[in-house]
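# Notes for the structure review
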Amino acid sequence: MTSKKTAQLTEKFAEVFGDADGVATFFSPGRINLIGEHTDYNGGYVFPAAITIGTTGLARLREDDKIRLFSVNYPEAGIIEFDLSEVKDKVEGSWGNFVKGMIVMFQGAGYTIDKGFELLIEGEIPTASGLSSSASLELLVGVVLDDLFNLNVPRLELVQLGQKTENDFIGVNSGILDQFAIGFGKKDEAILLDCNTLAYEMVPVQLWDYSIVIMNTKKPRALTESKYNERFAQTREALKRMQSKLDIKALGELSNEEFEANTDLIGDETLIKRARHAVYENNRTKIAKAAFVAGDLVKFGKLLNASHESLKNDYEVTGIELDTLAETAQKLDGVLGARMTGAGFGGCAIALVESDKIDEVEQIVGETYARVIGYPAEFYVAQIGDGAKKL
Ligand code: GLA
């Protein structure tokens, strides 16, 4: 973050909370997922990276037990204020829930949070973009609490407390992909994570003449949470049915062949398709990571396309907006591959684009999108950055 921006936010903090004496600054990124979608809660591999856009926070302890929050993105909401004794009360539609949820989870894990604080945030991640604005906020609050209360929470635990907030406080059955990428991200490195064991490997992002372009559908928020929970339930049910004969703990343990030989155990076309995506996507992610490490971006790009197709036809989480972006890009000269990233139903797609052709690709995809969908998409070139930290 530029010092100019820090200075502006410090000024804002003083304006909102009286003065800015003793404030500390924190940053938590968003993430893209290169491949391995809807595999995390199915015990499979994911291959994400943190990006340089994210959420910045300025924080300071108080002597009483009041928590006072302000978002530069929602100035009309004013200061959100509650006492430490009220952290369990969720308020529908308030971003303060992420702060409350993290405090509840920290306390539940035995960490002492016994004072109030002030927190001012500014988010750069478009909401509902599939770039994890919520996990970015969770981990921001995580590093703030860790620092203000001198807790030294191990990184993996911080990540897990973020996921627990999402699951048990916010109510989305998400896997660990987002919080892990945001907690463990490193500049110019992607993370291959086995969500079954949490073993991970940092992989240098070496793209030569190519760049990752993020393409935002800007689709107004769809019923992402409820449809997400439905997919979660469907793959759990398919697993349960397969477990009647197979000794497996997760769909991520199956090869494509083992899966196909046992689909009759599931016995329902929709559930078979959902589980097929989870199994194939997991195996595809392992191959894709190997191609990426070997520098075979052509092969990697083809696997991105195959991932999108599977998310479209078998998992059915894309929709016309994401399909228009990804499929238009896939056909263009200079594009090695494209796919949706994140939960889907809207949000963003990513494309692997020859750096010299970025303008041309953005123009053609942008025109097609506006014509088919009726409003413009947005494009950004992704930079891979560090995970959540105090600045
Ligand atoms: C959302 C969830 C993640 C993951 C992705 C899909 O981002 O928060 O846990 O399931 O969707 O891969």
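One structure accompanies this document, and this report is about it. A quick note: this is a predicted structure, and the numbers were derived from the prediction, not measured.

Along the polypeptide, serine 94 turns up in the loop between strand 5 (80-83) and helix 2 (96-108). Classification of serine 94 as buried rests on a relative accessible area of 19%. Polar side-chain contacts of serine 94 include one of 3.0 Å to the backbone nitrogen of glycine 96.

Right, let's get into the packing of aromatic side chains. Counting across every chain of the model gives 12 aromatic pairs. On the basis of an interplanar angle of 70 degrees and a centroid distance of 5.2 Å, the ring pair of phenylalanine 180 and tyrosine 200 is categorised as edge-to-face. Taken as a pair, phenylalanine 180 in helix 5 (residues 177-184) and tyrosine 200 in strand 8 (residues 200-204) lie far apart in primary sequence, 20 residues in all. Its relative accessible area of 40% is what places tyrosine 200 among the partly exposed residues. Plain terms: the ring middles of phenylalanine 292 and phenylalanine 300 are 4.8 Å apart, the flat faces sit at 55 degrees to each other, and that makes the pair tilted. Of the two residues examined, phenylalanine 292 and phenylalanine 300, each falls in the buried class.

Sheet architecture is open: 4 strands sit in the order 10-11-9-12, paired in antiparallel fashion. Of all the strands in the sheet, the pair left with one neighbour each is strand 10 (335-340) and strand 12 (378-381). On average, each strand axis in the sheet is tilted by 20 degrees relative to the strand beside it, whichever way the strands run. Direction of pairing for strand 9 (residues 210-216) relative to strand 12: antiparallel, over a ladder of 4 bridges. Bridge pairing in strand 12 places isoleucine 214 opposite tyrosine 380. Against the sheet, helix 9 (residues 297-313) contacts strand 9, strand 10 and strand 11 (348-354), and its axis sits at roughly 30 degrees relative to strand 10.

Rules of the game
- Residues numbered from 1 in each chain as written.
- Predicted model: local features only at pLDDT ≥ 70, side-chain atom pairs only at ≥ 80, totals over all residues.
- Heavy atoms only, no water.
- Helix = DSSP H or I, 4+ residues; strand = E, 2+ residues; numbered from the N terminus.
- Buried < 20%, exposed > 50% of the residue type's maximum accessible area, 1.4 Å probe, protein only.
- Polar contact = N/O pair within 3.5 Å; in protein donor to acceptor, adjacent residues only side chain to side chain.
- Phe/Tyr/Trp six-rings, centres within 6.5 Å; stacked < 30°, edge-to-face > 60°.
- Pairing = 2+ DSSP bridges.
- Axes fitted to C-alpha atoms, helices over the stretch in contact; angles between N-to-C directions.
- Contact = heavy atoms within 4.5 Å.

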